[in-house]
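A closer look at the structure
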Amino acid sequence: MSYIEFLTTYGPRLMTGTLITIALTVLAGLLAVAIAFAAALMKLSPSMVVRGIATTYIEIFRGTSLLVQLYWIFFVLPLFGITLEKFTAGYITVGMNLGAYGAELVRGAIKSVPRGQWEAALALNMSPAKRMIRIILPQAIVVMLPPWGNLFIELLKGTALVSLIAVADLMFQAKQINGSTFLSAQSFGTALIIYYIVARFGITPSMRWLERRSLRMLGRG
Amino acid sequence: MNEDMSKYPLRLEGSDKPMVRFMNVTKSYGDLVVLDSLDLDVAEGEMVTVIGPSGSGKTTVLRMLMTLETINGGVIYVDGEPLTHMEKNGVLVPADAKHMRRMRANIGMCFQHFNLFPHMTAIENCMEAPVHVLGLTRKEARERGLELLALVGLEEKVDEHPARLSGGQQQRVAIARALAMRPKVLLFDEVTSALDPEVIGEVTNVIRKLVSEHNLTMLMVTHQMGFAREISDRICLFYRGQIEEQGTPDELFGNPQRERTQQFLRAVTEAM
Ligand SMILES: Nc1ncnc2c1ncn2[C@@H]1O[C@H](COP(=O)(O)OP(=O)(O)O)[C@@H](O)[C@H]1O
Ligand SMILES: [Mg+2]
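An unreviewed UniProt entry annotates chain B as Amino acid ABC transporter ATP-binding protein (PAAT family) originating from Hoeflea marina. Its UniProt record gives chain B the following Subcellular location (unreviewed entry) comment, quoted word for word: "Cell membrane". The annotation that UniProt attaches to chain B under Sequence similarities (unreviewed entry) is "Belongs to the ABC transporter superfamily."

The name given to chain A in an unreviewed UniProt entry is Amino acid ABC transporter membrane protein 1 (PAAT family), with Hoeflea marina as the source organism. Looking at chain A in UniProt, the text filed under Sequence similarities (unreviewed entry) is "Belongs to the binding-protein-dependent transport system permease family. HisMQ subfamily."

Listed below in structure tokens is the structure:
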């Protein structure tokens, strides 16, 4: 079977898988961003309890394996009466995991905004919430965009693990095709290339675009 | 902190009450006592300049008044009302956030490094707090901002981001931004120290204008002795967290009484 034949036969299945992978990446990405901001703000809270909750969350999700977390959420949570559909379990786990890493990015970026910005906002009598939302976060976002770009690529790669709970993503399809044809080089080679293309021509340019926009916001574009 | 608060009045009354009063104010960082029982009054409309060696506590005085630092003893009053404290059942207790916020509205500050918001244009910097703190409409805030940017001579730079402005221009935007909140007291902490010599005049001219045309109360820290002498109603020389000597510019520069004042003035004139 030539590679062209391989592609015409299995291309559609790989495409379907790719779309699932992209959907997982987008949903997990949104969840990761939301969790990262929430956890980072909680870690900066004056309340020790609130900080403790965030720290515990971050420690657990960064300190254990994504695959084990996935199995926990998909196989163990049902024992406690929480059953998630496998696609949902997939993106929630990946999002929660990467959100824990993202929290440190967000916190670091917030801390990197010069003290003088807080002080100027206080001197203008802005409330703590306004200071954070209107003054600090917009500047922190500029700082955190490049590392978020890397994190989203990690996240894309991380979604491949959901094939292990039989979500029909790109990796799952590649494994299935390999299982029935034994064309390992073609199956996994194509998957490899597709992952690369999504990262290199999807995520990277989007992040660059956001970075340019954010720099323009600072009058440095 | 176990100070007997009964010796401090709940408020200052009378027509001669100062705009700002530091009463027996102490500030320390750990074991380091930065300000030691400081007493300082600033009258309404007065321009008081604080000079003194580096580390003598000048910045700390302004930061306490701006509520950027807490104090360890004494009371600060603004326009007759306690700033650092509030009345509760007839005694002064440390101010809560709400009281502090109400009192802070009386005070504005300009910093050595401008601290403009880099993600906002000049006019947006001036509109931010009037809209989001005072509740002005965007139109009102814009009008106010444009007026003030014109006052500081920047009507041409209204829509520029700070990154595209020179240091002198940025500091003038910062002054306009502080004025937009209509403070009664304006604080300047070495506002020309970070500027190239050739643009210092832009900023000092604005301050001159404020002194001559507006009835603002101002407290300024500066190393520019000539400017301080020319513009101040009174000059305080700080030394190790205390006022070593104070008086009119002519008294202090022309006929300094204290040995340390003479030393300091000699040192700064030699440096020039
Ligand atoms: N946050 C701080 N922590 C510890 N020491 C401080 C802090 N801020 C200021 N100081 C100390 O307080 C003293 C007075 O500082 P400052 O008011 O900035 O002096 P000046 O403005 O006259 O140079 C200095 O010895 C300085 O090191
Ligand atoms: Mg200083």
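1. Side note on the overall build of chain B
Counting its secondary structure elements, chain B contains nine helices and twelve strands. Against the 2.2 N^0.38 benchmark of 19 Å for 272 residues, chain B shows a C-alpha radius of gyration of 19 Å, consistent with a compact globule. Dimensions of chain B, computed from C-alpha atoms along their principal axes, come out at roughly 55 × 50 × 40 Å. Residues classed as buried in chain B amount to 54% of the 272 residues present. In chain B, the proportion of contacts linking residues at least 24 apart, taken out of those at least 6 apart, comes to 63%. When the accessible area of chain B is evaluated, it comes to approximately 12,300 Å², of which 46% is carbon and sulfur surface. Considering chain B, the positive charge centre built from 30 side chains and the negative charge centre built from 38 side chains are found 4 Å apart.

2. A few points about the packing of aromatic side chains
Applying the stated criterion to the full structure yields seven aromatic pairs over all chains. Through successive ring pairs, a cluster of aromatic residues spans Y3(A), F6(A) and Y10(A). For R200(A), the ring lying beneath its charged end belongs to F201(A), and the centroid distance is 5.3 Å. The lysine or arginine in question, R177(B), covers the ring of F117(B), its NZ or CZ lying 4.5 Å from the ring centre.

3. Some words on the pairing of strand β10 (residues 217–221) of chain B
Residues and elements named next belong to chain B. The buried fraction of β10 amounts to five of the five residues, a majority that puts the element mostly inside the structure. Burial along β10 is two-sided: T217, L219 and V221 facing one way and M218 and M220 facing the other are all buried. As judged from the four bridges shared by strand β3 (residues 47–51) and β10, these two strands associate in the parallel manner. In the sheet register, V50 faces β10, and the bridge partner there is V221. The parallel pair strand β9 (residues 185–189) and β10 is bridged by helix α6 (residues 197–213), and the resulting crossover is right-handed.

4. A closer look at the pattern of salt bridges
A complete count under the given rule lists 19 salt bridges over all chains for this structure. A salt bridge links E119(A) to R63(B); the shortest N-O distance between them is 2.9 Å. Taken together, the positions of E119(A) in helix α5 (residues 115–123) and R63(B) in helix α1 (residues 58–65) put the pair across two chains. The pair formed by E119(A) and R63(B) is uniform in burial state, with each residue classed as buried.

5. Points about the packing of helix α4 (residues 138–151) of chain B against helix α5 (residues 167–179) of chain B
All names here are of chain B. Relative orientation of the contacting elements α4 and α5 amounts to 140 degrees, with a least axis distance of 9 Å. Judged by the inter-axis angle, α4 sits oblique to α5. Where α4 crosses over α5, the two elements pack in a sense that is right-handed. Residues L148, L149 and L151 of α4 lie in contact with α5, whose contacting residues are V173, A176 and L179. When its residues are assigned to classes, the contact of α4 with α5 shows six nonpolar, no polar and no charged.

6. Observations concerning the site of ligand 1
Residue and element names in this part refer to chain B. Ligand 1 sits among Y29, L32, V34, P53, S54, G55, S56, G57, K58, T59 and T60. A distance of 3.2 Å separates an oxygen atom of ligand 1 from a polar atom in the backbone of S56. Here T60 contributes a side-chain N or O atom positioned 2.5 Å from an oxygen atom of ligand 1. Surface burial for ligand 1 is 59%, taken as the share of its 560 Å² of free accessible area covered by protein chains. Those elements that provide at least two residues to the shell around ligand 1 are β2 (32–42) and α1. If you tally residues by element for the shell around ligand 1, the top one is α1, at three residues. Considered class by class, the residues forming the shell around ligand 1 number four nonpolar, six polar and one charged.

What counts and what doesn't
- Residues numbered from 1 in each chain as written.
- Chains lettered and ligands numbered in written order.
- Predicted model: local features only at pLDDT ≥ 70, side-chain atom pairs only at ≥ 80, totals over all residues.
- Heavy atoms only, no water.
- UniProt positions renumbered as here; feature names shortened; annotations may be inferred.
- Helix = DSSP H or I, 4+ residues; strand = E, 2+ residues; numbered from the N terminus.
- Rg over C-alpha atoms; globule rule 2.2 N^0.38 Å.
- Buried < 20%, exposed > 50% of the residue type's maximum accessible area, 1.4 Å probe, protein only.
- Contact = heavy atoms within 4.5 Å.
- Areas by Shrake-Rupley, 256 points an atom, 1.4 Å probe, with all protein chains shown as cover.
- Lys, Arg positive; Asp, Glu negative; His and termini not counted.
- Charge placed at Lys NZ, Arg CZ, Asp CG, Glu CD.
- Phe/Tyr/Trp six-rings, centres within 6.5 Å; stacked < 30°, edge-to-face > 60°.
- Lys NZ or Arg CZ within 6 Å of the ring centre and 35° of its normal.
- Pairing = 2+ DSSP bridges.
- Right-handed = clockwise from strand over helix to strand, strands pointing away.
- Salt bridge = Lys/Arg side-chain N within 4 Å of Asp/Glu carboxyl O.
- Axes fitted to C-alpha atoms, helices over the stretch in contact; angles between N-to-C directions.
- Parallel < 35°, antiparallel > 145°, perpendicular 65-115°, else oblique.
- Left-handed = near helix turned anticlockwise from the far one by under 90°.
- Nonpolar A, V, L, I, M, F, W, Y, C, P; charged D, E, K, R; others polar.
- Near = heavy atom within 4 Å.
- Polar contact = N/O pair within 3.5 Å; in protein donor to acceptor, adjacent residues only side chain to side chain.

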